[in-house]
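Below are the chains, spelled out letter by letter.
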Amino acid sequence: MADYEEYKKDSKPLTLFNDETGQSFQIPVLKGNDGPDVLDIRDLYKETGMFTYDPGFTSTASCKSSITFIDGHKGILRHRGYNIKDLAANSDFIEVCYLLLHGELPSSTDKEKFEKVITDHTMLHEQLVYLYRGFRRDAHPMAIMVGVVGALSAFYHDSTDFSDLNQRMIASHRLIAKIATIGAMAYKYSIGQPFVYPKNNLSYAENFLHMTFSVPTEEYKVNPLIANAIDKFFILHADHEQNASTSTVRLAGSSGANPFACIAAGIASLWGPAHGGANEAVIQMLEEISDIKNIPEYISKAKDKNDSFRLMGFGHRVYKNYDPRAEVMKKIAHDVLKELNKLEDPLLKIAIELEKIALQDQYFIDKKLYPNVDFYSGIILKAIGFPTSMFTVLFAIGRTVGWISQWKEMIEDPINKIGRPRQLYTGSQSREYQQLETREKKSIFKWLWKSK
Ligand code: SDX
């Protein structure tokens with residue numbers, strides 16, 4: 001076991017005592033620079049013959065990381081030590097990408113160079129355009145994202161050897177740069193409009209708006225307030241510790257799969273409504289509530305154990321306080337709707353009223369359910385003109401830098417091992433094979449043959 005001496009500091013091991021056998025085991029305790037200590041159980045199975053059991057990983061640290069820190073009780077989110085609210089107020093997305101990838105804020109020269117590298121990678125290989133044509137017009141843009149990003153590994157062989165730092169960096173830059181182009185093209189394809197090439201004189205967010213909303217028939221002028229809102233949107237989605245999609249990227253990468261395939265796996269995981277798909281589900285929920293007077297009915301549905309309805313955009317595995325990103329998002333929603341003269345948007349009014357009522361309700365207070373990053377984000381995107389099917393695409397565009405930074409950190413970890421969890425086996429024990437003629441005649445597959 002590679003020792004983490006530097007993380008043992010002066011911690012005392014935890015003694016595990018097995019009442020049955022009278023054996024005791026010393027479990028080392030590792031201390032990070034912030035947040036909970038961890039029990040180093042890497043030798044537990046070897047020493048005790050037992051596994052730990054933690055479906056959903058509610059109490060499990062899967063890795064060590066220096067990229068993002070979350071204190072769920074205090075509602076704190078930091079990237080490389082910088083508070084998300086400071087970054088959202090003072091930084092821009094390109095600078096946050098550099099910070100996540102390299103660990104420090106860039107000098108002005110480095111920032112300029114980094115922005116140029118990303119800008120120079122925004123175009124897609126022209127042949128990839130034909131891949132879009134293979135999708136049905138009504139294909140969900142996230143389905144297209146999974147397909148096209150996975151296909152990048154067929155086009156960029158010169159950056160799939162992750163053992164070479166230079167190739168790791170090229171792949172990282174390509175993914176950060178191209179994910180916005182791929183997302184905009186997915187939208188254009190779904191509405192039957194021509195693809196729009198990126199423009200090198202535009203910022204990352206301006207370019208995305210230009211590729212999404214401009215048409216060849218007229219000049220498209222980017223609204224600076226909207227571009228700033230999208231830039232902040234990407235910052236707020238950039239990374240979030242070991243969430244489901246990031247853990248998917250790490251697990252895929254631990255087998256040595258190329259970075260493009262790993263990010264495609266992350267996109268697939270993000271699509272789920274319990275994760276990144278929640279922003280789309282929030283709008284669908286607000287539209288279903290449709291009037292402030294219906295809110296009490298939906299609050300009681302959310303509290304009813306026998307009703308599968310959940311308040312989308314509420315609750316979080318880690319935050320047991322207000323998600324700091326939701327706070328910033330709420331302010332951006334107000335500014336965008338004001339700029340677009342949509343402050344009377346009924347969905348915004350329902351969302352604000354829903355939040356107010358839920359936060360005073362004992363059920364939500366007891367279960368520490370607060371609005372999360374997805375609660376207000378959909379209102380912003382809808383007001384700007386994105387269809388709900390594009391909401392998770394924008395989440396994926398922002399999160400790609402987090403995924404690739406976490407992937408790179410894992411690859412560069414000297415003790416990087418293939419991820420291979422075990423299980424609590426609850427299936428049949430050993431039994432003899434039964435010849436066909438000796439088996440029960442009655443079918444057990446009711447669902448298959450609609451057997452009587
Ligand atoms: C993201 O991990 C990340 O960091 C994710 C993310 C990121 O940046 O990567 O932050 C992005 O995915 C944000 C979350 C978006 N999802 C939603 O808004 C969907 C609605 N919320 C949930 O389904 C739920 O809150 C989760 C999935 C977000 C968290 O679920 P957990 O941690 O597994 O908690 P749980 O399902 O065990 O719920 C705990 C209790 C349960 O009640 P009991 O069984 O204990 O009685 O709280 C209840 C749940 O029923 N509950 C809700 C609720 N969320 C939890 N009840 C009503 N409405 C909700 N939204």
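Remember, it's a predicted structure, so these values are computed and weren't measured experimentally.

**Considering the overall build of the protein**
And step 1. Helix and strand counts for the protein come out as 20 helices and 7 strands.
And step 2. For the protein, whose C-alpha radius of gyration is 24 Å, the value lies close to the compact-globule estimate of 22 Å for 452 residues.
And step 3. Once the C-alpha set of the protein is aligned to its principal axes, its extents read approximately 75 × 60 × 55 Å.
And step 4. Relative to its full complement of 452 residues, the protein shows a buried share of 46%.
And step 5. Contacts in the protein between residues at least 24 apart in sequence constitute 70% of all its contacts with a sequence separation of at least 6.
And step 6. Surface summary for the protein: the accessible area is close to 23800 Å², and the carbon and sulfur share equals 53%.

**Quick look at the pattern of salt bridges**
And step 1. Scanning all chains against the criterion turns up 22 salt bridges.
And step 2. Residue Asp71 pairs with Lys74 through a salt bridge whose shortest N-O separation is 3.8 Å.
And step 3. Within the structure, one salt-bridge network assembled from shared partners comprises Asp92, Glu95 and Lys111.

**What about the packing of aromatic side chains?**
The relation between two aromatic rings is expressed through the spacing of the ring centres and the mutual angle of the planes.
And step 1. Counted according to the given criterion, the structure contains 18 aromatic pairs.
And step 2. With a centroid separation of 6.1 Å and an interplanar angle of 40°, the aromatic rings of Tyr156 and Phe260 are classed as tilted. Of this pair, Tyr156 sits in the loop between helix 7 (141–151) and helix 8 (165–190) while Phe260 sits in helix 12 (residues 259–270), and the two are 104 residues apart along the sequence.
And step 3. Here Tyr156 falls in the buried class, since its relative accessible area comes to 8%.
And step 4. For the pair Phe314 and Phe375, a centre-to-centre distance of 5.2 Å together with 85° between the ring planes defines the contact as edge-to-face. Here Phe375 lies in helix 18 (residues 374–384) and Phe314 lies in the loop between helix 14 (295–303) and helix 15 (324–339), a separation of 61 residues in the sequence.

**With respect to the pairing of strand 6 (residues 76–79)**
And step 1. Relative to strand 6, strand 5 (residues 68–71) runs antiparallel, the two sharing 4 bridges. In the sheet register, Thr68 faces strand 6, and the bridge partner there is His79.
And step 2. Linkage of strand 5 to strand 6, two consecutive antiparallel strands, is achieved through a turn of 4 residues, within which Gly75 is found at a positive phi near 65°.
And step 3. Bridge count for strand 6 against strand 7 (residues 82–83) is 2 bridges, and the pairing is antiparallel. By the bridge assignment, His79 is partnered in strand 7 with Tyr82.

The rules we used
- Residues numbered from 1 in each chain as written.
- Predicted model: local features only at pLDDT ≥ 70, side-chain atom pairs only at ≥ 80, totals over all residues.
- Heavy atoms only, no water.
- Helix = DSSP H or I, 4+ residues; strand = E, 2+ residues; numbered from the N terminus.
- Rg over C-alpha atoms; globule rule 2.2 N^0.38 Å.
- Buried < 20%, exposed > 50% of the residue type's maximum accessible area, 1.4 Å probe, protein only.
- Contact = heavy atoms within 4.5 Å.
- Areas by Shrake-Rupley, 256 points an atom, 1.4 Å probe, with all protein chains shown as cover.
- Salt bridge = Lys/Arg side-chain N within 4 Å of Asp/Glu carboxyl O.
- Phe/Tyr/Trp six-rings, centres within 6.5 Å; stacked < 30°, edge-to-face > 60°.
- Pairing = 2+ DSSP bridges.

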